[in-house]
Each structure stands twice: as C-alpha cells, then as structure tokens.
Amino acid sequence: MLRQLMLLAGALSTDGFYLPGVAPREYKDGEKIEIKVNKLSSTKTQLPYDYYSLPFCKPSETYNAVENLGEVLHGSVIQNSAYDISMGKTDFKVLCRKEMTRKEASLLAQRIREDYRVHLIMDNLPAATKMIREMPDGKTITMYDRGYPLGFIGSSDRPGTSAHMAYVYNHLHFVIKFHTEPSFDGGRLVGFEVEPLSVKHQYKGKFSTDMGSLGLTSVPVGADLPPQPIQSKGDTPTEVIYTYDVKWELSDIKWASRWDLYLYMGDDQIHWFSIINSLAIVLLLTGIVAMIMMRTLRRDFNRYNEQDKEDLQEESGWKLVHADVFRPPDMPILLCASLGTGVQLLAMSAISILCAMLGFLSPANRGSLLTATILVFMLMGVPAGYISSNTYKSLKGAEWKKTTVLTATLYPGIVSVIFFTLNFFIWGQASSGAIPFTTMIALLLMWFGISVPLVFVGAFFGFKAKLVDPPTRTNEIPRQIPKQAWYMVGVFNVLMGGILPFGAIFIELFFMMTSVWLQRFYYVFGFLALVLLILVITCAEISIVLCYFQLCNEDYHWWWRSFLTSGSSGLYLFAYSIMYFFTQLEIIGFVPTLLYFTYMLVFAMLFCLITGTIGFISCYWFVWAIYGAIKVD
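Just so we're clear, the structure is a prediction, and the values are computed from it rather than from any experiment.

Turning our eyes to something else, we now look at the overall build of the protein. Across its full length, the protein carries 17 helices and 16 strands. The burial tally for the protein puts 52% of its 633 residues in the buried class. Restricting the contact set of the protein to residue pairs at least 6 apart, pairs at least 24 apart contribute 79%. Carbon together with sulfur atoms contributes 61% to the accessible area of the protein, which is approximately 30300 Å² in total.

See the structure below:
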C-alpha cells in the first residue's frame, strides 16, 4: 500500500492526466477565443484587487464569471476583457488609450511598487511568464510563473529609466501554444505565455484604436524602445497606450499534459528526502516503542498477575493507580468538544487530500479544493458529534445538550468571529479578498443548516451507543499523586511531546506555506497523504510512550495530558511561521502582517486539535488495553 501511494505521488507530480469534469475543446481557424481577466495579486500585501480597479482598457459591457464558493473566498474577480483574439490569427492590435488622472496614476504606481501581478485566463489556462531554470546537473528546464508583473521600478542600472520611477507594462506579447491531431478537427490550446513589455508609444495624426501597427511609430515593439513611465506627480494627465500582439506555436504537448509546467514544483528529490527521513524516524521510534513497551508491559503483566495482594502494597507502577485512572478529568465538556472538532478536521483533511490525490480537485477547477474542503467539513459533523457524545457518556457526564452545542459551535464560532473581524480590515483596504455579505450569509446557513444538525445526529447515536464497562472500578476518594521529577512535570512533558510530530511534517509544511503565501501551485498531494499518515503514527506513538511513563509515576491525570502532548506541535508550527515570516516573506503594511499572523494562529490551533485528537484516542485505547489485561481485586 505504501509503495502504491509513493508511485501515485510521483505520477501526480509529473505525468499528464485528464482532469475529471474538464473536457477538451477544439478551436477552428478564425474562431474567437475569449481572454478573461482575474484578480491582481501581490506577495508583499497578500491583498487581491479587482483588475478593473486600475486604469486598464475595459470592454463596453462587463460581466462576472466567478463559478463557485472557493473562487469568491480566494478573492477572484473573473470578468471578460477587451482582448480580441482569433484562432491561428497572428496580429498586432491597439487596445485603447488611457489618459490617467493624477489619482489613477498614483494608484497604478503604488501597485507597481507593491509588486502586483496581473492574472489572465484563456480556455481555463492561466497566463504565465516563462522561466528558464538551470538544474545542478547543468540541464535547463522550463517553468511557469503565474501571471505577469504589472510593471517595474526604474534604476540607474537599467538604460532609459529614471531611478525610483514606476513604469507600466503596457504591451503584451501573447505566445499561444496549440496541439493538433488527426483524431479531431481544429486545435486544442495547451499553453498561454505572456511576455510583458513597457513601451512609450508614439503615433501620427489623430489617435484611433483601428490604426493598428501602421499608425504607431513605436512599432515593431522591442526592449530597446523607451519604456512607459507613470507620472504620479503634477497635473498633466499620463497618457498610456495599451497594445498587444499574438504569436501561435504548434506544440507536441497533449491537452492532458498541458498543466504539467504549471504544476511543476522543482526537483522532487527534496520531497522524497522528507518522506524517507520521516519514515526513518517513525520506523526507529516504532521499533523502540515496540521493544520497550512489549518487554516492559509483559514483565509488568506477569508480575502484577502472579503476585499476591500483600506484595502489591510494596510495588510501584501503573497498576497502583488502577482505581483512579478512569476518574473523569476537569472540564470534560471542553475536552469532548475539542475531540469532536478534532475528529471533524482529521476526517476533512484525509478525505480532501485523498480526493485531490486522485485528481478530483484539480487546479483546472479553480476554487474546487477550498469548496470541497468546506463541504466535507460540514458533512463530517456526524463523526464529530458521535465521538464527542460517546466520550462524554463514558465520563458519566449529564450535560449532553451543552456538550453537543459546544461541539457544533465552539471552535467553528471562534474561527468565524476571527475571520469576520479580519474581513472588516480587508474591506477597509477595498480589496476583492473581502468576503461579500451574501457569501457570509451563505456560509452561516451552511453552518447552522448542515453542520450543526449533523453534529446533533451524530451525538444522538453516540449517546444511544452501548458502552463497555471500564476494566477497573474508580474509588470515591482520589489517590494522592507523589511529587514528580522535573522532567515529568506537565508543561515540560507536554512541550517535549510536540517535537516529533512537528518534525515529521515541517519540510512539507515549508512547501505548503510557500504555495499559500508566495502564491504558487501545490499539487503533490501524494506526498502530502504520506506525510499525514506519518503524522498520525508519530502522534499516536509519542502520546502512548509519554502516557505510559506518566502512569508509571503514579500520575493518573492522563486525559488532558494525552491530548496536549501531541497537540503542542501546534505551538511549534506557529513558532515556525514566525521564523518563516522574517526569512522568506517580504510582507509590508499593518493589515497584511495582521492577516498573516492571524491566519497562521488559526491554522496552528486547528493543527493542535487534529494532533491532540490523535494522541487522545491512541492513549484512550492504550489505557483500556493495559488495565483490561491485568487482574485487579
């Protein structure tokens, strides 16, 4: 099974495949091809903006082409454009002339300084700039970077430019690749490359968009022509003429493989190194755990089952707390609510990663991954309610209604309040990333109309399920816990337990954070599935080991400790995000910084719930197993 997952991981990262739900389209010669405009994005601000928020050429009538919930939450504003392109027709066209006011020019210059990129879409392919990368073995490979830069800042090292002056890329050279086969008529688009240029166009006589290349003295366009500056000072309007030309290239790339260059994430050896390194740690840990636990527990079982009651009084070890080990912990409702949400998140992650690994949530279906993740989370309310209520019932709890309500609303409510608060800050920046009010209402209806009722359904069956009696009885008077060594104190023990789970995922975490915050594609879900499996095993093993040591020291408060031991990996994740911010990102401004740290804090909290739940369930099974295997008078 592991080998099959590895092969599938490699296949998904390199080979072409037909994406479910996406059918190829053939274009005949002269057939019009629509170019849609998407959002403007920047890794420095993390705030997307509407394409037409800047003074670009606009068609006489615009319409929105956003298709699903995920696109809205991503801040996508997909609309039609003024570009007029026909299949196989090589052409140079003047798009329009813009006379920018001082305010418009100032805004455009600001966006250029903030490193914004423009995103276009043709036949469901995003526009990309081609990059040539040299590999360590001397070979060169072609990679795609999504979108194209809005402009550049002049410098003394760049001929024809003034230092600190903003220049806009007002000419686009489209290189459209197509593939033909005798089995179908026309051509299929397999590549959409953009080469932006900045040209200060000059024209003869009266300006007209129909003048074409003959009316411009700055044609043919080349890098040797003076660039187009953006004068953001003074009252003189800045005149910018937008143009584009199209080049068609016949390609051997088949339609099923056209996403390969977009999804290429560099040398995948680092991913394999991460997996092998984590597997080595897990196998070593598993071997140590198995050897220690089996030998030690077998010796304990033999000693406890053979000795008489008088000898037991002089013994020490985990059997001495048999009458207290199943004593309900403090704050049982909060613990059960945390477990329920953790199960919901774990099931959501596993199902979403599996679907993405099999290709059902491809990047060709923009926003599908986020949409599916939200829907799966809602549907996983049943196992969340079941685990929460069944665990609470085993703790002899009576407030089952309160437990169920908290399971359904506590953590989703915290996340919703945080996101809705952040949304006001995003609204204040006039960003398209702000969630519309209607979408907020839709999310709330999904939460209270789908997730909450399903949690109650799961809770109903959880409370109705018959419980197995605990293997030992609980005394009415709690046993006194002896003084613990410094290394067995709760805080230190908990912090040490989170190191290994975090170590199992931190390399893949780097690529995930790079995908999110540097806005690159992430599609090696086969590797991610293996990392999730390793994470589950690591959390289970480290929690069981530390729980055993805790019980051997006659400390029976294992309920919360087992949850927090592996859950403390969320603290390390947040600490790593701080280091990542200062070493890998160039985020500027208060609001973008607030967004980054708040999002990472929420992600760390959710990660804590997932890993903590894995640790608790493992220790719960372990405690029942060992105390059920001994004879207690």
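Before going further, it helps to examine helix α10 (residues 400-428). The end-to-end C-alpha separation of α10 is 42 Å, in line with the 42 Å expected for 29 residues at 1.5 Å each. Roughly 35 degrees is the biggest bend found in α10, and it falls at L406. For α10, every residue scored as buried is listed here: T403, T404, T407, A408, Y411, P412, G413, V415, S416, L422, N423 and I426. In this structure, the buried residues of α10 make contact with α7 (332-357), α8 (368-379), α9 (381-394), α11 (437-464) and α17 (590-628).

What follows covers the packing of aromatic side chains. Summed over all chains, the structure comprises 43 aromatic pairs. Between Y83 and F174 the ring centres are 5.4 Å apart and the planes differ by 80 degrees, which places this aromatic pair in the edge-to-face class. On the criterion of sequence distance, the pair formed by Y83 in the loop between β3 (79-80) and β4 (85-86) and F174 in strand β13 (residues 171-179) is long-range, its members being 91 residues apart. Taking the relative accessible area as the measure of exposure, Y83 reaches 11% and is therefore buried.

Moving on to the environment of Y148. Along the polypeptide, Y148 turns up in strand β10 (residues 148-149). Along the backbone, Y148 and A127 are 21 residues apart, and their C-alpha atoms lie at a distance of 7.6 Å. If near-sequence neighbours (up to four positions away) are discounted, Y148 is found in contact with Y116, R117, V118, L120, T129, L172, V194 and P196.

Our focus in this paragraph is the nonpolar core. Core analysis: the biggest nonpolar cluster contains 138 residues, and L120, F174, F192, L551 and Y627 have the highest contact counts within it. No other element matches the 16 residues that helix α14 (residues 525-552) contributes to this core. The two domains that each donate at least three residues to this core are domain 1 (26-262) and domain 2 (268-285 + 330-467 + 488-629). Once residues lying within four places of it in the same chain are set aside, the contact partners of L120 are I35, K36, V37, Y51, L125, P126, A127, Y148, L172, F174 and F192.

Quick look at the pattern of salt bridges now. In the structure shown here, the tally under the stated rule is 17 salt bridges. For E31, the salt bridge goes to R25, with nearest N and O atoms at 3.0 Å. Judged by relative accessible area, R25 falls into the partly exposed class, the value being 42%. Across the salt bridge formed by D115 and K44, the nearest N and O atoms sit 3.4 Å from each other.

Reading the values: the criteria
- Residue numbers restart at each chain and count upward from 1, following the sequence in its written direction.
- Owing to the predicted nature of the model, reporting of local features is limited to residues with pLDDT of at least 70; listing and counting of side-chain atom pairs is limited to 80 or more, with chain, interface and lining totals taken over all residues.
- Derived side-chain values reflect all non-hydrogen atoms in the structure, with water molecules and hydrogen atoms excluded from consideration.
- Segments assigned H or I by DSSP are reported as helices when at least four residues long, segments assigned E as strands when at least two residues long, and all are numbered from the N terminus.
- Under the scheme applied here, a residue whose accessible area is under 20% of the maximum for its type counts as buried, over 50% as exposed, and between as partly exposed, the area being computed with a 1.4 Å probe on protein chains only.
- Only heavy atoms enter the contact rule, under which two residues are in contact if any of them lie within 4.5 Å.
- Note that accessible areas follow from Shrake-Rupley with a 1.4 Å probe, and for residues the cover is restricted to the protein chains shown.
- One less than the number of residues in a helix, times 1.5 Å, gives the span that helix is expected to have.
- Take the seven residues that end at a residue and the seven that start at it, fit an axis to each, and the angle between those axes is the bend at that residue.
- Stacked, tilted and edge-to-face are the three classes applied to pairs of Phe, Tyr and Trp rings, where Trp contributes its six-membered ring and a pair requires centres within 6.5 Å; stacked means planes under 30 degrees apart, edge-to-face means over 60, and tilted covers the rest.
- We call a set of buried Ala, Val, Leu, Ile, Met, Phe, Trp, Tyr and Cys residues a nonpolar core when their side-chain atoms join them within 4.5 Å.
- Throughout, the edges of the domains are those of an automatic or database domain assignment.
- By salt bridge we mean one thing: a side-chain nitrogen of Lys or Arg within 4 Å of a carboxyl oxygen of Asp or Glu.

Taken by themselves, the reported measurements are silent on function.
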